[in-house]
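Fold and contact review
The lines below spell out each chain.
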Amino acid sequence: MSVPSWSRDFIADKKRTTHKLPLSEFIPSSQGRVVKGVALDASKVTGIGFSLSLYTADGKPNPQFGDGPFRLEVHGVKEVEHH
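Procedures and definitions
The written sequence of each chain sets the order in which its residues are numbered from 1. Per-residue local features of the predicted model are confined to residues with pLDDT of at least 70, and side-chain atom pairs are confined, for both listing and counting, to 80 or more; whole-chain, interface and lining totals are unaffected and use all residues. To get the side-chain values, take all heavy atoms of the structure and skip hydrogens and water. Runs of H or I in DSSP of at least four residues are treated as helices and runs of E of at least two as strands, each being numbered from the N terminus. The cut-offs for exposure are 20% and 50% of the maximum accessible area for each residue type, with area from a 1.4 Å probe on protein chains only; residues under the lower value are buried, those over the upper are exposed, and the others partly exposed. Any pair of residues with heavy atoms lying within 4.5 Å of one another is described as a contacting pair. All accessibility values rest on the Shrake-Rupley procedure with a 1.4 Å probe; residue burial counts only the protein chains present in the view. Note that His is not counted, nor are the chain ends; the positive residues are Lys and Arg, and the negative ones are Asp and Glu. By convention, the point assigned to a charge is CZ for Arg, NZ for Lys, CD for Glu and CG for Asp. Each pair of strands is called paired provided DSSP finds at least two bridges between the two strands. Two aromatic rings from Phe, Tyr or Trp, using only the six-membered ring of Trp, form a pair when their centres are within 6.5 Å; if the ring planes differ by under 30 degrees the pair is stacked, by over 60 it is edge-to-face, and anything between is tilted.

The secondary structure content of the protein chain amounts to zero helices and three strands. Mapped in sequence order, the helices and strands of the protein chain form the string β-β-β. For the protein chain, the C-alpha atoms occupy an extent of roughly 35 × 30 × 20 Å along the three principal directions. For the protein chain, buried positions account for 7% of its 83 residues. Contacts in the protein chain between residues at least 24 apart in sequence constitute 38% of all its contacts with a sequence separation of at least 6. As presented, the protein chain carries roughly 7,700 Å² of accessible surface, and 52% of it is formed by carbon and sulfur atoms. Distance between charge centroids for the protein chain: 2 Å, based on 11 positive and 9 negative side chains.

Printed below as a string of structure tokens:
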């Protein structure tokens with residue numbers, strides 16, 4: 001597992017909301033541990049996913065985690081230029 005996974009926390013809202021998640025804010029991890037000194041190369045991204053996790057992207061307990069049910073509707077995902 002030499003390639004880290006990249007994650008970014010966000011809190012879903014009960015109403016339709018747009019979330020902008022800059023790649024510069026994603027945190028690399030491998031086997032649940034934060035990896036230091038690695039840069040995300042956007043040209044090598046091959047997929048995305050969403051998860052509800054017991055831990056935040058930086059490995060701390062997620063205060064938003066709890067019993068279900070839960071629901072996340074994704075109406076679209078797109079790459080945008082960062083200015």
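There is more to say, and it comes next.
Moving on to the sheet that holds strand 1 (residues 5–7). With antiparallel pairing, three strands are arranged side by side in an open sheet as 1-2-3. A single partner strand is all that each edge strand has here, and the edge strands are strand 1 and strand 3 (33–34). In terms of strand pairing, strand 1 meets strand 2 (residues 27–30) through three bridges, oriented antiparallel. Paired with serine 7 across the two strands is isoleucine 27, which belongs to strand 2.

Time to look at the packing of aromatic side chains. Summed over all chains, the structure comprises one aromatic pair. Between the aromatic rings of phenylalanine 10 and phenylalanine 50, the centroid separation amounts to 6.4 Å while the plane-to-plane angle is 80°, which identifies the pairing as edge-to-face. Here phenylalanine 10 is found in the loop between strand 1 and strand 2, whereas its partner phenylalanine 50 is found in the segment after strand 3, with 40 residues between them in sequence. In this structure phenylalanine 10 comes out as partly exposed when scored by relative accessible area, which is 28%.

In this model, glycine 68 is joined to proline 69 through a cis peptide bond whose omega is 0°. Counting through the fold element by element, proline 69 comes out in the segment after strand 3. Although it is not a glycine, glutamine 31 sits at a positive phi angle of roughly 50°. Along the polypeptide, glutamine 31 turns up in the loop between strand 2 and strand 3.

To continue, consider the pairing of strand 2. Here two bridges tie strand 2 to strand 3, and the two strands are oriented antiparallel to one another. What sits directly across from serine 29, in strand 3, is valine 34. Taking the residues between adjacent antiparallel strands as the criterion, strand 2 and strand 3 are bridged by two residues, where glutamine 31 takes a positive phi near 50°.

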